[in-house]
Each structure stands twice: as C-alpha cells, then as structure tokens.
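Read off the chains here:
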Protein chains: 2
Amino acid sequence: MTQLSKARSGEITPEMEQVAKKENVALDFVAEGVAAGTIVIPRNVKRKNIDPVGIGTGLTTKVSASIGVYGKEGSIQGEVAKIQAAVEAGTHSIMDLSVSGDIDAMRKETLAVTPTPVGTLPLYQAVAEAGARYGSSLKMKVDDLFEVIERQAADGVDFLALHSGTTMDIVKRAKQEGRIDPLVSYGASHLIGWMIHNEQENPLYEQYDRVLEIARKYDVTVSLADGMRPGCLADSLDAAQVQEMVVLGELVRRAREAGVQIMVKGPGHVPLNQLKTTVMLQKSLCKGAPYFVFGPVVTDVAAGYDHISAAIGGAISAWAGAEFLCYVTASEHLGLPDLEQVREGVVASRIAAHSADLAKGLPGAAEWDLELSKARKQLDWQKQIELAIDPKKAEYMRRTRSEETTKGCAMCGKYCAMDVVSGYLGVSKQVC
Amino acid sequence: MTQLSKARSGEITPEMEQVAKKENVALDFVAEGVAAGTIVIPRNVKRKNIDPVGIGTGLTTKVSASIGVYGKEGSIQGEVAKIQAAVEAGTHSIMDLSVSGDIDAMRKETLAVTPTPVGTLPLYQAVAEAGARYGSSLKMKVDDLFEVIERQAADGVDFLALHSGTTMDIVKRAKQEGRIDPLVSYGASHLIGWMIHNEQENPLYEQYDRVLEIARKYDVTVSLADGMRPGCLADSLDAAQVQEMVVLGELVRRAREAGVQIMVKGPGHVPLNQLKTTVMLQKSLCKGAPYFVFGPVVTDVAAGYDHISAAIGGAISAWAGAEFLCYVTASEHLGLPDLEQVREGVVASRIAAHSADLAKGLPGAAEWDLELSKARKQLDWQKQIELAIDPKKAEYMRRTRSEETTKGCAMCGKYCAMDVVSGYLGVSKQVC
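Residues numbered from 1 in each chain as written. Chains lettered and ligands numbered in written order. Predicted model: local features only at pLDDT ≥ 70, side-chain atom pairs only at ≥ 80, totals over all residues. Heavy atoms only, no water.

Per an unreviewed UniProt entry, chain A goes by Phosphomethylpyrimidine synthase and derives from Dethiobacter alkaliphilus AHT 1. One UniProt comment on chain A, placed under Cofactor (unreviewed entry), says "[4Fe-4S] cluster". (UniProt positions renumbered as here; feature names shortened; annotations may be inferred.)

In structure tokens, the structure reads:
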C-alpha cells in the first residue's frame, strides 16, 4: 500500500501527520492532497531514519540538491561532504546522480547519511554497468535497466527520476523543429542514443507498467524526467517540449490509476515571460501533479552566477505554482560545484522558495520575516543572525564586515538627529 | 539648456545620438522619450569624460553601484578600488554616498575615475558639515544645505538624490500608521530629525523651486529619494509610502515644467506579489518618470545573500517597468561590502536587468543569449567565456571546477551513445 492508496482509502499515515504538523496545515488538507495526487510524500517503505517531506499544492516550496560521483576525481567521501553541506544549508531532498565509481556503495552511503528524502536516476547506473559489461552502453538490455531500477528501489530510494515520456515521436519532433540545442539532458542523451542505435521505442515508456509495478511495491515516488527539456532560452516552450509534456500528463494519469505517487520534472532554461505559462501548462496537462523545476535559469549568459539566475526563475516558477526547486550551483555550465557552491546553491533556492511562499501567503511564511524585521528594528544582532536563512554566513559577514558600523558615531555631536527621530517615531537609535 | 529643454525644442544632442547608437534604437525614439520625460540622460554640463547613459522606457535596464567613505576605517583609496571593481563588473552608474572624511575630495576623485554618470546625496555632506561646524546636525541651516547642493552640482555630479517628497504630513502618517520599521532611509532619518527638532517643514519640499533652479543650471538630473521607503516586507505599500509617492508625482510634474530631468527612487523591501503593483503605481502617479529601485529584496531573512534576494526583486520590477536598479550587496543589513561583494552585487543586478530585457524583447537582448547558446552547443569554451556576463569569473570557475569534465569519458567504451545522438540530432559530442 502506498501513501496514495492509503489516502484514497481514508487511512491517515504517520507521514501525513508529520507533514501536516511541520507545515502547520490541517491533516485533512494533506490527506486529501495525497489522495488527489496534488501532494506527494516521497518515502520508500524500506527507507529508515527519514523525516518525511510533503511536496505539493498548499505546502511550502521545497528544494533539492544534487550530488554524485562523477569522473575519476570523484569520491564517496567528497560527495558525502557535499550532502552534509547541503543538509546544513537546509535542503529538503538529496538526489544522488552518481555516474561512475561504486554507484551501489555511494547510494547506500547517501541513504545512510541523509535525513531527507533521497532520489536517484537509475539510467545512469544502467548505462555505466552496460559500458563495463558489454563494452558499450548501446548494448544495454532492457532487463538490465529494470534490474537497476528494482535494485535502487529495494535499497530504499524515495523517488526515482525516469525519462518515460521521451518517446521516439518526440525525438523526431525535436529533429524536425531544428532546435538551437537539441538535447541537454545527460540521461536522455544516453537513452535516445540507445533508442536510435537499437531502433527501439523508449523502454521506460513501452514498459511503463513495469515501472509502476516496482514503484508501487516500494512506494517509490516516480519523478518523470523531461528528456526534451530545452537547453537554452531560444528553445523554451517549443514543440518537442510541449509534446513531451502531453505524454507526461498521460503517464501521470496512469501512475495515479496504479496507486503510484508521481511528480513531473521541468526545465531548465526559461525566459521570465514564459515561466508562468510553463507552470500553468504543466498544471493543466499533468493534472496538478507536483512540478519539480530545474532552476530554471532566466538567461543563458550568467555562467558563474547561475545560482542567481536560477533563484530568479525559481521564485517566479514557485509563485506560479511549481512546488519543488532543483538547485543550480554557480558552477553550472562550467564544472562541478565545490562545497561552498553547494551551500550557496541550496540557500539561493531556499530564498527563491521562501519569497514565493510569502507571495502565496502560506502559513508561517510572513511570520518569519516579521520576527526578523522586529529584531532588525531593535538592533538585536543575535536574533537577526539566528533568524537569517543561513545564520553561519550572516554571523561571518557581520563579524568581518561591520568594523565601521559598530564603532559608534561622531557625526552629530551632542545633539543627535537619530535621537530626535527615535523619540518621535519610536525608532530604535541607529548607529550612524 | 538641459537635455529635456533641448529635446522639447527639437534639438538633437550628441548625448541622444550616443544613447540611440548604444541602445540600437531610433534617434527619434530617444529624443521623444527625453522630451516626454520617460527617458533621462544624466549628464551635468560640467562633467567631463563621460560615456552618456540613457535610462528609461524602451531602453535596456541599467544598474548602479553605491560606494562612499563611511566611518573611521573608510578611505578614498579603498572606495576608488570599489568603483573600479564595479565598473569592471559592468555598472552603468556610480553613486558616491560618502558621509565622512574629506567628502569634497572623494567626490572629485569619483568624478575623475568613473566613466559612467555619477550621483550623490548632498544631505549627507550637509549633515556632516553641520555636525562639525555647529556641534550638531540639528543646527544645520537651510542655506547650508542648498550651498552643498550647489557645490556638488558645480563639481559636475550628474544626478542628485534629494528627499523632497518627505513632508511633515507624511512623517505624521507614518507615526499614525504604526509601521513595523518606521524609517530606514539614513538621509531621511537625519532630515526628519531636523524637521521635528526645528519644527520646520522639509526645506527640500518648501524650497523645491530653488532645487530646480540649481538642477536646471547644470542639467543635473534630480533623483527623488523616497525617504519613507519601507524597511521590511510588512510595511510595503503602506499609507506613508503611497502618500509620499503622490507627492513625488507632483514634484515630477514641477521638475518637467521647469525643464529639469527627473527620476524617482523606489523601495527597498517588497514581496513578489506587490512588485508589479508598486511599479505600476509609480508609473501612473509619476507620469512615466524612470523608476530607480533599490533592489528590491523580496524577503527580510536573506541577510548574507541579499544580492540574490534583490536580483529576484530587480528582475520582476524591471520586467514590470522599472528602468534602473540600485545594486544590493551580499553584506547589506550586516556591514559594508568588500571588493568581491561589490563585484558580485553589480553582476547580480545585471543578471536581473538582462533577464527583464529578454522578457521585454528589447533590441539585442535575445541575440546575446542565442550567441552564447550556439557556442555552448559547439563546446566552444573560449567563446562561452567571452560571452559570459562576467568573463573573469567564468574563466576562473571553468579552470578550477572542470577537472572531472575535461578528462574525457571511459563510460561507453567503443560505441558511444553520444556519437549516435550527435549523428541523428546534430548535437555536438558532449563530454560524458
């Protein structure tokens, strides 16, 4: 029984109770959302030591950080340090996207050290293993892929990213339409290469029922990856993207019918004026399924600062209805992030998420800002730092940057204008 | 004759020509905008060595960086380094907001080293000098204030920030309304303290014609500062802010009647869902005068990351019609920025500005992104770095973060999935 099927049968689960309590919303609201599929609670039945997280309509916007062993320089130890940095920075989820090294060992470690839901992308491991076993990922067998999916689910992974909507028809559409950048999804590149080489339809689409069977067995939440997500602003909302979104809507319906929790992954690269349309379209075609967007960045030129570009896109997307933001780090488009970039990526996404929660008037959102504003008015530095979105960074900056502002003022002399204003307006005396 | 009066009489100035060329718009469009007051070209007739910048409707969004000597630790040398960092990062304007030290010397240095328009806030110097001369800024004489305004204009400052709209009525309104944070404008705090202590109306309002006379003499653009700008999200769009905006509209009209170029300063702290309303209200009340917003930050809790919060607010504001973004640095609310924070503050504002220009479809905006996207598809790293918004940072990150991605791929073996996709979709071979 999944959270979805339990909710449908009127059962209240401990996870629903925990989510309702954390979010400060009615338990019925959560249970009804899970039953309708507008809320998911990704929690594998085999997963231990997890603080359940609800993602969906009416709940606070969540953020996810991606890590993973990549290339010869990657190590499990290095990626565990990134997980710890991301968790300390307040991520609500970790995706382990390892593509090399001992992928099984990394995943087990991720599940052990992460207190949040964990997601993976099984195709990466299937491709790597086929490369090692057959000398080419193109020789991967369909059963190999499903074996990896089941293996990852059996380990306790809470949500699986699967490119089930990237059908051959859609690949042809992308070819016909003449995209600027035809393909940026790393997983979809491998999948489509395999499909073209083997002249076969996408097995994750053709055998979608088999995907759903595994997902139902472990209550894994399916995260439908958009293999055709545009790779630049110029390709945003093109025919291939929209046609795939239509298919994703079909797959949402079928997952729900099978009692499987489901969410949908989104772009990527979207200009400001297409963000709302993108989210509205997904909400309509995918029947209110939670939308997990990848940033999005709002310009192609911000390499080195894509966490900022993504914070702009994430804030507007979340305000428009996206409920889950995949972080983008400053080194996106240039290389892999270091610990500081992981940390700042998570915080940038949390700022986007919270600013949207404020705009949507979600319970508790405005109270946080109000409390900090009162501490600011009272010049209560300790409380301001405690309430900052990243207290460690705020404390550091205050310590290193405030020399000039803490030494008092010699400007006004005996009669201080600030004292006059304080008396009249009830302002705390500011340091000049 | 100011740019405004020349435009009205049908005269085309070299500044209008330079702006039209840089912006890739018709000369008539610029001239008509200047005549209508929807475009300003801040350039003091005494200013030398300046590359004129147009700010207003239909032109690309501009950003401004504030520097200034502050406290005992501040130095002219340190602030010049910040100007250079800001200019290198692509700022379109510098504001010298010095409040201590040799303010005259700092301003002269700023004007000498800055290739962009320069703005100042004369009240700071008037307050500092009154403190030194009379033992209290509260004893400042009205003539002292106007003498400083004239001195700064005569030095060649291109735009002057003046709190002419902060009348006693509005201060009373703020008191009655019970704001969370009654006052955050440093200049307005001194001004209001003076007004209350001396039981006098704001001289910058009462003697506004005298302000306009100086501005007209030097073709200084007046930047009407919003002394009552809210200091937290909870106070946004409150009665004091809106009442002041009504007065600012009156002052815009009077400036235009006097042939003086004018723009209006805005907040500050605005939740996502009030950004568009704030800009629309200013556009309506202030009759299309360029809007110079301070960020705005979209949450109160992002201390340490306020440049990111401000990029979100700036992008949406600019998309809604604000034409000029005052940068906010990461150390805002905590202390003064260092060189790196100045640099990142400018770039964050430029990302906001450019993402809005893309959304507005301004000439040339999309071409930049398209060119970079093509270079990205072709894996042309040199071109990607050249086209990045901050090439220096992009080059550094590529160099330090790409070890894993440049060493080639051992995943697929002899038959590479990427090769298959490349052949079919025309994708450049990606490094796996």
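Next comes the rest of the write-up.
Caption draft 1: Up close: the side chain of Lys265 of chain B. Residues and elements named next belong to chain B. Among the structural elements, Lys265 can be located in strand 8 (residues 262–266). Comment: no salt bridge for buried Lys265; closest opposite-charge side chain is Asp226, at 5.5 Å. Here Lys265 is in contact with Ser223, Leu224, Ala225, Asp226, Tyr291, Phe292, Val293, Phe294 and Cys326, once residues within four sequence places are set aside. (Helix = DSSP H or I, 4+ residues; strand = E, 2+ residues; numbered from the N terminus. Buried < 20%, exposed > 50% of the residue type's maximum accessible area, 1.4 Å probe, protein only. Lys, Arg positive; Asp, Glu negative; His and termini not counted. Salt bridge = Lys/Arg side-chain N within 4 Å of Asp/Glu carboxyl O. Contact = heavy atoms within 4.5 Å.)

Caption draft 2: View of the interface of chain A and chain B. Residue-level contacts link 110 residues of chain A with 110 residues of chain B. Summed over both sides, the interface between chain A and chain B buries roughly 9,400 Å², with carbon and sulfur atoms accounting for 70% of that surface. Connecting chain A to chain B are 0 salt bridges. Along the contact surface separating chain A from chain B lie 20 residue pairs in polar contact (both at pLDDT 80 or more). Per element, the largest residue contribution to the side of chain A that touches chain B is 12 residues, and it comes from helix 15 (residues 339–360) of chain A. Each residue belonging to the side of chain A that touches chain B can be placed in one class, and the counts come to 62 nonpolar, 27 polar and 21 charged. (Buried area = accessible area lost by both parts, 1.4 Å probe. Polar contact = N/O pair within 3.5 Å; in protein donor to acceptor, adjacent residues only side chain to side chain. Nonpolar A, V, L, I, M, F, W, Y, C, P; charged D, E, K, R; others polar.)

Caption draft 3: How the structure looks around the sheet that holds strand 9 (residues 291–294) of chain B. Residues and elements named next belong to chain B. The parallel closed barrel is built from 8 strands, whose spatial order is 3-4-5-6-7-8-9-10. Neighbour-to-neighbour, the strand axes of the sheet open up by a mean angle of 25°, direction not taken into account. Sheet contacts for helix 15 (residues 339–360): strand 3 (62–67) and strand 10 (324–326); angle to strand 3, the most-contacted strand, approximately 160°. (Pairing = 2+ DSSP bridges. Axes fitted to C-alpha atoms, helices over the stretch in contact; angles between N-to-C directions.)

Caption draft 4: Here's a closer look at the sheet that holds strand 7 (residues 221–224) of chain A. All names here are of chain A. The 8 strands are arranged 3-4-5-6-7-8-9-10 in a closed barrel whose pairing can be described as parallel. The sheet shows a mean angle of 25° between the axes of neighbouring strands, direction not considered. Sheet analysis places strand 5 (residues 118–120) next to strand 6 (residues 159–162), joined by 2 bridges and oriented parallel. Considered in strand 6, the bridge of Gly119 is made with Phe159. Sheet strands touched by helix 12 (residues 239–257): strand 7, strand 8 (262–266) and strand 9 (291–294). Its angle to strand 8, the strand with the most contacts, is close to 165°.

Caption draft 5: Looking closely at the pairing of strand 6 (residues 159–162) of chain B. All names here are of chain B. Alternating positions in strand 6 separate into two faces, Phe159 and Ala161 on one and Leu160 and Leu162 on the other, with burial throughout. Where strand 6 and strand 7 (residues 221–224) come together, 4 bridges link them in parallel fashion. Paired with Leu162 across the two strands is Leu224, which belongs to strand 7.

Caption draft 6: Region of interest: the relation of the copies chain A and chain B. The two copies are related by a screw motion: chain A maps onto chain B through a turn of 180° and a shift of 0.0 Å along the axis, at an RMSD of 0.0 Å. Those values place the two copies in the arrangement expected of a two-fold rotation axis. Among all residues of chain A, the one whose C-alpha sits closest to the rotation axis is Ile312 of chain A, at a distance of 2.3 Å. Most of the interface of chain A is mirrored in chain B, where 100% of its interface residues again form contacts. (Least-squares fit on C-alpha atoms with pLDDT ≥ 70 in both.)

Caption draft 7: Quick look at helix 2 (residues 14–23) of chain A. Residue and element names in this part refer to chain A. Of the residues making up helix 2, those classed as buried are Glu15, Met16, Val19, Ala20 and Glu23. Considered in projection along helix 2, the buried side chains sweep an arc of 130° and stay on one side of the axis. Along helix 2, exposed side chains directed more than 90 degrees from the buried face belong to Pro14 and Lys21. On its buried side, helix 2 packs onto helix 1 (3–8), helix 3 (27–36) and strand 3 (62–67). Following helix 2 by one or two positions, Asn24 adopts a phi angle in the positive range, close to 60°. (Arc of directions from axis to C-beta.)

Caption draft 8: Spatial organisation of the domain arrangement of chain A. Residue and element names in this part refer to chain A. Split by domain assignment, chain A resolves into domain 1 (61–360) and domain 2 (365–425). Taken over C-alpha atoms, the centre of domain 1 sits 41 Å from the centre of domain 2. Facing the 10 residues of domain 1 at the interface are 8 residues of domain 2. Roughly 760 Å² of surface becomes buried between domain 1 and domain 2 when both sides are summed, with 56% attributable to carbon and sulfur atoms. For the pair domain 1 and domain 2, the interface holds 3 salt bridges. In this structure, Glu88 engages Lys392 in a salt bridge whose closest nitrogen and oxygen atoms are separated by 3.1 Å. Remark: the boundary between domain 1 and domain 2 carries 5 residue pairs in polar contact (both at pLDDT 80 or more). In terms of residues, the side of domain 1 that touches domain 2 owes the most to one element, helix 15, which gives 9 residues. Class assignment for the residues of the side of domain 1 that touches domain 2 results in 3 nonpolar, 1 polar and 6 charged. (Domains from an automatic or database assignment.)

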